[in-house]
Amino acid sequence: MTTPDSKTLREYDRTYVWHPFTQMRDWEAEDPIVIERGEGSYLIDTDGNRYLDGVASIWTNVHGHCRAEINEALKQQIDRLEHSTLLGLASDRSAILAKRLVEIAPPGLRKVFYSDNGSTAVEIAIKMAFQYHRHKQGSATAKTKFITFRNAYHGDTIGAVSVGGIDLFHGVFRPLLFPTIQAPSPYCYRCESGGTGDENCKRFCLQELERLMETHREETAGLVIEPVMQCAGGMVLQPPGFVKKVRELCDRHGILMIADEVAVGFGRTGSLFACEREGVTPDLMALSKGLTAGYLPLAATLATQEIYDAFLGEYHELKTFFHGHTFTGNPIACAAALASLDLFEQDRLLETLVPKITYLEKRFRTLAQLDHVGNTRQAGMIGGIELVLDKETKTPYPWEERVGVRVCSEARQHGLFLRPLGNVIVVFPPLSVSLEELGYLMDGIEESIRKVTEQ
Ligand SMILES: Cc1ncc(COP(=O)(O)O)c(C=O)c1O
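Here, residues in each chain are numbered from 1, in the same order as that chain's written sequence. Given that this is a predicted model, residues contribute local features only at a pLDDT of at least 70 and side-chain atom pairs are listed and counted only at 80 or more, while totals for whole chains, interfaces and linings are drawn from all residues.

S.K.: Please clarify how the overall build of the chain should be interpreted in this entry.
M.R.: To qualify as a helix, a DSSP run of H or I must reach at least 4 residues; to qualify as a strand, a run of E must reach at least 2; elements of each kind are numbered from the N terminus. Within the chain, the regular secondary structure consists of 15 helices and 17 strands. Relative to its length of 455 residues, the chain is compact, with a C-alpha radius of gyration of 22 Å against a globular reference of 23 Å. Judged by the C-alpha coordinates and their principal axes, the chain covers about 65 × 60 × 45 Å. We call a residue exposed when 12 or fewer other C-beta atoms sit within 10 Å of its C-beta, buried when the count reaches 20 or more, and partly exposed for counts in between; the C-beta positions come from the backbone. A buried classification covers 45% of the 455 residues belonging to the chain. In the chain, 70% of the contacts between residues at least 6 apart in sequence involve partners at least 24 apart. C-alpha atoms define the radius of gyration, and 2.2 Å times the number of residues to the power 0.38 defines the globule rule. The contact rule is simple: place each C-beta atom from the backbone, and if two of them lie within 7 Å, those residues are in contact.

S.K.: Can you help me understand helix α12 (residues 331-346) in this one?
M.R.: Compared with an ideal rise of 1.5 Å per residue, which puts 16 residues at 22 Å, α12 spans 22 Å between its outermost C-alpha atoms and is within 8% of the ideal. Regarding α12, the residues found buried are P331, I332, A333, C334, A335, A336, A337, L338, A339, S340, L341 and L343. Contacts made by the buried residues of α12 are with α4 (68-80), α5 (92-104) and α13 (349-367). R348 sits one or two positions beyond α12 and adopts a positive phi of about 45 degrees. In this scheme, a helix's expected span is set at 1.5 Å multiplied by one less than its residue total.

S.K.: Can you walk me through the pairing of strand β7 (residues 220-225) in this structure?
M.R.: Along any regular strand, the residues point their side chains to alternate faces of the sheet. Counting buried positions along β7 yields six of six residues, so the element is predominantly enclosed. Criterion used throughout: strands pair if DSSP finds at least two bridges between them. Relative to β7, strand β5 (residues 145-149) runs parallel, the two sharing three bridges. When the bridges of β7 are listed, F146 appears paired with G222.

S.K.: What exactly am I supposed to notice about the nonpolar core here?
M.R.: Generally speaking, nonpolar side chains in soluble globular proteins are found buried as a group. Nonpolar cores are identified as sets of buried Ala, Val, Leu, Ile, Met, Phe, Trp, Tyr and Cys residues joined via C-beta atoms within 7 Å. A125, L223, I258, L284, A300, L302 and A336 are the most contacted members of the largest nonpolar core, which has 122 residues in total. Shared between two domains, this core holds at least three residues of each, these being domain 1 (33-63 + 348-453) and domain 2 (71-346). Here L302 is in contact with L101, A105, L109, K111, V112, L284, M285 and L287, once residues within four sequence places are set aside. The split into domains, and so the bounds of each, comes from an automatic or database assignment of domains.

S.K.: Hey, could you run me through the site of the ligand in this one?
M.R.: Only the C-beta atom, placed from the backbone, is used; a residue is near a molecule or strand if that atom lies within 6 Å of it. Near the ligand there are 14 residues, and of these N117, G118, S119, G155 and V262 occur at the shortest range. For the shell around the ligand, the element with the most residues is helix α6 (residues 118-137), which contributes three residues. Three residue categories are used. Nonpolar comprises Ala, Val, Leu, Ile, Met, Phe, Trp, Tyr, Cys and Pro, charged comprises Asp, Glu, Lys and Arg, and polar comprises the others, including Gly. Residues that form the shell around the ligand fall into these classes: six nonpolar, six polar and two charged.

S.K.: So what exactly am I meant to see when it comes to the pairing of β5 here?
M.R.: For β5, a buried count of four out of five residues is recorded, marking the element as mostly surrounded by other parts of the structure. Examined bridge by bridge, β5 and strand β6 (residues 181-183) share three bridges and lie parallel to one another. Note that in β6 the partner of T148 across the bridge is Q182.

See below:
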């Protein structure tokens, strides 16, 4: 098959492709970059331009693009088997991967249920938590609700949107959603209490969470949290100790803790899983994105033995978990995940992150001095830079000004691909990024912020 030239490809895209989270009228007016290749930290377009992938292809890429070892594992797997179902059959790759995931997950998570994206991994956790209580307490159980956090993002399917809390994305779908009990987001820079300081914010949010749990414990099946950092909500960092305290509160009130590690899992925060940072084992944990190092759609919902056991019964008791997707446990995707886990070990990836995390800390401290940088937030290799119109008053730029988009467009001139979250500039490179590349990324970001906000 011959590939058409860049101009024709742009035309095809404009004519036929409907892009996610995109106002298509704006898109149609643009000349999009068409990516055709990847190499390490770089994406390369059809005209040969190179862009450092500053958002790891939407927070997925771990070891760089087109990593030879993963490519090889995929080629070998394709020659053995492309797909077979997990409905009625087991498969070698999915069995081996499940074992390895249980070995590396926070202790106590023992069973792996596969699906194919982050939203479904979260939906599955919600359905498991809901059904678990029905098995434990009978179908009349009042435990049918979920505690969620404002500003949370757990994906775009209806269940995942229901437990989300970003009105800009979710407001229009409100009539379709199931209601949840919403707790304040520990967004210390803009704490709902109106007070200042991380400790104050932490105290307020936890007190409020505890109050909600006390009021609603009889009807609450589970709590859903993005541990350590609410990512899509603007890289909002939780104060240290927050996740641990949430775990304690869940235990005290008989509420299952669902950790959505879709974005923060697989080394992003500097430890393999974010929950580990606070020594927490959730009851259910959702994984995707970095699971295959950004190669293929695969997700997993991990559960404790206790949850799994509640689903065991006589056939006629109908305790089965009636959920499954066509490509559940796809062997090619599982092969990519296994090759990625090998590379974590072979490259000693977590150890190599230490100097890069320290470097980012330094750069964020400098960035925080800029006139229009209100707040910088960092969890390991993830960063958010919140731009404000007025630093004193924390007045945000009006969203219609699209200051984040403008900074990211400017960054293209510096050979960077970035994607903002409103007024927050996101730093989320492949974990394999070199120190030199990181310097290049942060220089480009700083210059772009200056250019857009100081002119
Ligand atoms: C924390 C979190 N959960 C779930 C999702 C949804 O994942 P997916 O887009 O693969 O459905 C995302 C996506 O960004 C996410 O950041």
